[in-house]
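Architecture and fold: a report
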Amino acid sequence: MNALRRALLAYLLPILWLGLCSQQALAVWYQGNAKLAVDGVDLNVIRAAAIKNAIADASFQHGIMITAKDISLDGLLQSSKTELRSEGKIRRVEILSEEVIDDILHVYVKVDIEPLFDCSHDNYMRSLLVTQLPMLKPAQASYGAIFDLGPQVSKRVEQQLFSDELVAKVQLINQVFIPRSVLQEPTLGYISQTARHLANQYHSQFVLFGYIRDISLFEQTTKGLISDDVALRRNFTMQLYLFDAFNNKMLVNQSYHGEADWSFDATYPVDTYNSLFWRSDYGRVVLNTINSAVIDISNTLTCQKSLGQIIHKNNQQIVINIGSEMGVASGDRFQLIKSEAIPGQNGDLFNILTNEDKHVLTVVSVDAQTSTLTSDDTSIFDNSNLFDLVSPLAGY
């Protein structure tokens, strides 16, 4: 029977991996448009009003009654294909096109509407481990000398995740995740092995990996009546992997991209710690790209079940690695989940989780990061091992 399970697992894993990699992060996009006469008014004023009207149009198509006056753009009005943050049930806006025809401004937008989650999830918070996000090709940073962009992006990802009400504990560690080859995506086995090691080391169920894939420059030419306008622009592409180390499951495998004018001189060393950089077109696109990724990560974590890991046990009590920071309280009940490591065909280990329905544990004491559990069924202490898991029962 075990041989059959291993063979079936080896057959299914590549298929599951391809399916997981092809999934896009949760988002529900709707298009909207609006047009306003310029009539000699400041174009920036007309543009802001047209964008808000287009967002309201997309919201109406989704059945949400949001008027233009209810929408805030946070002052981030930039060129086309720039993501903007808005309020209410609107999470992201991408400007698809803007064009003035016969003194009338036409704006088309794509709006990410906040989904109504119908997944069942517990009331506990999540713990998330974040690795440093290095540059995959450091030589690209030589123009502008932005070699410290990686640590800056990593810190801002941590800060935005920390402000999320769902994620109680965000820990940014001083370790990097780099694929073995810049030409190939990392394998599931490599990601799984790294995530499981970090999860056991830092006692965190969810691990966020990633790297900055591209910050190259390019020239964009706009045709003019007399002469062409050539603008120097810069890419920002970030690859992220959100992994559930306890369930050995990829949750997000997504690339996030933005681009903007690079307004600094070639010989000017840019200080990424200075607000001048973050207020530039390129700096704001980096922030918007980070914000887009954080929204997807938060929404994905919403539908994941919190699991605790056994970090200590004796013949009367079990200690797990989640506590009051995550919302655990005395009297909460958990179910034991046995964790069995199954070797795959290529030598990688994969977790098989088995619910022990008869084994119920009750929290008798709790501190910030750990909880102590006990049970009337003394056999649970013989049947459980270190690094086995516990899952909250319904109602918790």
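Our structure is the block above this text.
The present account deals with the structure reproduced in this document. What you see is a predicted model, and the numbers here were worked out from it, not measured in a lab.

1. Considering empty space enclosed by the protein
Summary: where empty space remains is shown by rolling a probe the size of a single water molecule over the atoms. For the coordinates displayed, the defined rule picks out three cavities of 30 Å³ or more. Its boundaries defined by the atoms lining it, the largest cavity holds a volume of some 70 Å³. M125, R126, S127, H203, Q205, F206, F246, S306, L307, N321, I322 and M326 are the residues that line the largest cavity. Among the residues forming the lining of the largest cavity, the class breakdown is six nonpolar, five polar and one charged. Its volume calculated, the second largest cavity comes out at about 50 Å³.

2. A short note on the packing of aromatic side chains
As enumerated under the stated definition, the model contains 13 aromatic pairs in all. A ring pair is formed by F177 and Y241, whose centres lie 5.9 Å apart and whose planes are at 75°; its orientation type is edge-to-face. Here Y241 lies in strand β9 (residues 229-244) and F177 lies in the loop between β6 (167-176) and α4 (188-202), a separation of 64 residues in the sequence. For the pair shown, F177 and Y241 are each scored as buried. Centre to centre, the rings of W262 and Y282 are 5.3 Å apart; their planes meet at 80°, and the pair counts as edge-to-face. One end of the pair, W262, is in the loop between β10 (249-261) and α5 (275-279); the other, Y282, is in helix α6 (residues 281-302), and 20 residues separate them in sequence.

3. Observations concerning the pairing of strand β16 (residues 389-392)
Side-chain direction in a regular strand flips from residue to residue, so the side chains alternate between the two faces of the sheet. Of the two faces of β16, the one holding L389 and S391 and the one holding V390 and P392 are both buried throughout. Judged from the two bridges that link them, strand β11 (residues 308-313) and β16 form a sheet pairing that is antiparallel. For Q309, the partnering residue across the bridge sits in β16 and is L389.

4. Quick word on the pattern of salt bridges
Scanning the model with the defined rule gives seven salt bridges in all. Its salt-bridge partner being R233, residue D261 comes within 2.8 Å of it at the nearest N-O pair. Here D261 is found in strand β10, whereas its partner R233 is found in strand β9, with 28 residues between them in sequence. The exposure class assigned to D261 is partly exposed, which follows from its relative accessible area of 30%. With its nearest N and O atoms 3.1 Å apart, the salt bridge here joins D281 to R284. Of this pair, D281 and R284 both sit in helix α6, three residues apart, which is roughly one turn of that helix.

5. Digging into the side chain of Q309
By the element assignment, Q309 lies in strand β11. When neighbours within four sequence positions are excluded, Q309 is seen to be in contact with N200, F246, V319, I320, N321, F387, D388 and L389.

6. Brief notes about helix α3 (residues 149-162)
Helix length check: α3, at 14 residues, gives a terminal C-alpha distance of 20 Å against a target of 20 Å (1.5 Å per residue), a fit within 8%. When α3 is considered as a whole, its buried residues turn out to be L149, G150, Q152, V153, S154, V157, E158 and L161.

7. Quick look at unusual backbone geometry
Even without being glycine, A145 reaches a positive phi, approximately 55°. As for its placement among the helices and strands, A145 is situated in the loop between β5 (126-132) and α3. Backbone geometry places H203, a non-glycine residue, at a positive phi of 55°. Within the element layout of this structure, H203 appears in the loop between α4 and β7 (206-214).

8. Brief notes about the environment of D148
The topology assignment puts D148 in the loop between β5 and α3. Considering only alpha carbons, one finds D148 and D271, 123 residues apart in sequence, at a separation of 8.7 Å. Apart from the residues lying within four places of it in its own chain, the contact partners of D148 are T272 and Y273.

9. Quick look at the environment of M250
Structurally, the position occupied by M250 is in strand β10. Put simply, M250 and I191 are 59 residues apart on the chain and 8.9 Å apart in space, counted from C-alpha to C-alpha.

10. Remarks on the environment of L353
Considering the arrangement of structural elements, one finds L353 in strand β14 (residues 349-366). Remark: the alpha-carbon pair of L353 and E340, spanning 13 residues in sequence, is separated by 6.4 Å. Setting aside residues up to four positions removed in sequence, L353 forms contacts with F246, N247, I337, K338, S339 and L389.

Cut-off values and rules
Residues numbered from 1 in each chain as written. Predicted model: local features only at pLDDT ≥ 70, side-chain atom pairs only at ≥ 80, totals over all residues. Heavy atoms only, no water. 1 Å grid on protein atoms, 1.4 Å probe; cavity = no way out; pocket = protein on both sides within 12 Å on 5 of 7 lines; lining within 4 Å. Points joined across faces, edges and corners; volume = space filled by probe spheres on them. Nonpolar A, V, L, I, M, F, W, Y, C, P; charged D, E, K, R; others polar. Phe/Tyr/Trp six-rings, centres within 6.5 Å; stacked < 30°, edge-to-face > 60°. Helix = DSSP H or I, 4+ residues; strand = E, 2+ residues; numbered from the N terminus. Buried < 20%, exposed > 50% of the residue type's maximum accessible area, 1.4 Å probe, protein only. Pairing = 2+ DSSP bridges. Salt bridge = Lys/Arg side-chain N within 4 Å of Asp/Glu carboxyl O. Contact = heavy atoms within 4.5 Å. Expected span 1.5 Å × (residues − 1).

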